[in-house]
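Structural overview
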Amino acid sequence: SMKSHGFEFTLSTRNIESRNFQWSTDFIFGYNKTEVTDFKSRSRVFDLISGVGFAREGYPVRGLFSIPFEGLDSDGFPIFSFNGKTVTKANYGSLNLQQSTDVDFLKYEGPTDPTITGSFGNILTYKNLKLNVFVTYSFGNVIRLDPVFSNAYSDLDAMPKEFKNRWMKAGDENVTNIPTIVSTRMNQQYAYLNMAYNAYNYSDVRIADGGFIRLKEISLSYDLPAKVINFFRLNKLQLKLQATNLCLLYADSKLNGQDPEFFRSGGVSTPVPKQFTFTVRLGL
């Protein structure tokens, strides 16, 4: 069982109205919140941290949780707080992500669905010219970053630019939270490093703000004057240049260029392509 509530607010204004110039604005703000009030099933640790969001009583219907990260040790290996205990390379084997008996130690990050959505549009008209600027926005959700960290890599792996800031020498644990690239010797020396790096992917340092502001569309249209239309024996002749998905005006820097609007299981997708369209409209 769950409860949900929200509202949507729309404001349309005509800011300037004159013979040759008009300026109008449309603003939309929507808010929606959910809460699970009764949930009988048990939730595994991995269900709650995987990135798609999962139900838990007292939280949003798709809430996201994380394993608390405590920093790096002197060898660049991650340290966690798990089940109320500090987990280091000496006891990585205790990182059981399939357990469902105790999940209260997990850190709640927020919902994976945005709670605030809306848009802001402006239309400016001067004589036969019309400019439309349309911005969309979304806030209130979190995103699990791609699970790119592992205890072993191959030539087939593509590493993101976070690896530039990884632990590389003693003392780096004081200035970075990116773990070291494990050597073959270290993999042989310490057991369960694969479990540690998997847990790091689902820790609270691998969370980004899902909010964004996108310049969705800019278009400029021009209606040719009557004498030109009459010359071609037309009822209407309009030229329009439109640009769509130009850029993100705001997004969390932790996304490293990935697009927060199109998140998928385990991370987010590549940015949406820019589109430029030129249109000629004829009225016969």
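Details of the structure are given in the entry above.
Counting restarts for each chain: residues are numbered from 1 in the order of the written sequence. Residue-level local features of this predicted model are given only where pLDDT is at least 70; pairs of side-chain atoms are given and counted only at 80 or more, and the full residue set underlies all totals for whole chains, interfaces and linings. Only hydrogens and water are set aside; all other atoms, that is, all heavy atoms of the structure, feed into the side-chain values.

**Re the environment of S150**
Only DSSP runs of H or I covering at least 4 residues are called helices, and only runs of E covering at least 2 are called strands; the numbering of each starts at the N terminus. Counting through the fold element by element, S150 comes out in the loop between β10 (142-144) and α2 (184-189). Sequence-wise, S150 and N194 are 44 residues apart; in three dimensions their C-alpha atoms are separated by 6.4 Å. Here A152 takes part through its backbone oxygen, which lies 3.0 Å from a polar atom of the side chain of S150. Here a polar contact means two N or O atoms within 3.5 Å. Within protein one must be a hydrogen donor candidate and the other an acceptor candidate, and residues neighboring in sequence count only if both atoms are side-chain atoms.

**Quick notes on the pairing of strand β9 (residues 129-139)**
Across eleven bridges, strand β8 (residues 116-126) lies against β9 in antiparallel orientation. Bridge pairing in β9 places Y126 opposite L129. Strand pairing follows a simple DSSP-based rule, namely that at least 2 bridges must link the two strands. Two successive antiparallel strands, β8 and β9, enclose a turn made up of two residues, where K127 displays a positive phi of approximately 55 degrees. By the bridge criterion, ten bridges tie β9 to strand β12 (residues 212-223) in an arrangement that is antiparallel. Paired with V135 across the bridge in β12 is L215.

**Some points on the environment of S81**
Looking at the element boundaries, S81 is found in strand β5 (residues 78-82). Between the alpha carbons of S81 and D38 there is a distance of 28 Å; along the sequence they are 43 residues apart. Contact partners of S81, with chain neighbours within four places excluded, come to I67, P68, E70 and F105. What makes two residues a contact is simply this: any of their non-hydrogen atoms within 4.5 Å.

**Brief notes about the sheet that holds strand β13 (residues 236-251)**
By way of backbone hydrogen bonds, the strands of a sheet pair with one another, either parallel or antiparallel. One open sheet accounts for seven strands, arranged β1-β2-β8-β9-β12-β13-β16; its pairing is antiparallel. At either margin of the open sheet sits one strand with a lone partner, and together these are β1 (2-17) and β16 (275-283). Sheet twist, expressed as the mean angle between neighbouring strand axes with direction ignored, is 10 degrees. One ladder, built from eleven bridges, connects strand β2 (residues 21-36) with β8; its direction is antiparallel. Within β8, the position partnered with F29 by the bridge is G118. Think of each axis as a best-fit line through the C-alpha atoms, taken over the contacting stretch in the case of a helix, with angles from 0 to 180 degrees between the N-to-C directions.

**Remarks on unusual backbone geometry**
Excluding glycine, residues mostly have negative phi values, and the peptide bonds linking residues are mostly trans. The backbone of N83 shows a phi angle near 55 degrees, a positive value even though the residue is not glycine. The phi dihedral of N245 is positive, around 55 degrees, even though this residue is not glycine.

**Section: the sheet that holds strand β4 (residues 69-72)**
Taken in spatial order, the three strands of this open sheet run β4-β5-β6, and their pairing is antiparallel. Each having just a single partner strand, β4 and β6 (85-87) make up the two edges of the open sheet. Going from strand to strand, the sheet's axes swing by 20 degrees on average, the running direction of each strand aside. The pairing of β5 with β6 spans three bridges and is classified as antiparallel. Its bridge partner being in β6, F80 is matched across the sheet by V87. With respect to the sheet, helix α3 (residues 193-201) is in contact with β4 and β5, its orientation differing from that of β5 by roughly 75 degrees.

**A few points about the packing of aromatic side chains**
Stacked, edge-to-face and tilted labels apply to pairs of Phe, Tyr and Trp rings (six-membered ring for Trp) whose centres lie within 6.5 Å, assigned for plane angles under 30 degrees, over 60, and everything in between, in that order. In this structure the tally under the stated criterion is 18 aromatic pairs. With centroids separated by 5.1 Å and ring planes inclined at 75 degrees, the aromatic side chains of Y59 and F65 adopt a geometry described as edge-to-face. Whether a residue is buried, partly exposed or exposed follows from its accessible area with a 1.4 Å probe, protein chains only, as a fraction of its type maximum: under 20%, in between, or over 50%, in that order. On the basis of relative accessibility, which here comes to 25%, the residue Y59 falls in the partly exposed class. Among the residues examined, F65 registers a relative accessible area of 0% and is labelled buried. Measuring from centroid to centroid gives 5.0 Å for F149 and Y200, while their planes differ by 80 degrees, and the two rings are edge-to-face. Of this pair, F149 sits in the loop between β10 and α2 while Y200 is found in helix α3, placing the two residues 51 residues apart along the sequence. A residue is classified by how much of its surface remains accessible, and Y200, at 1% relative accessible area, is buried.

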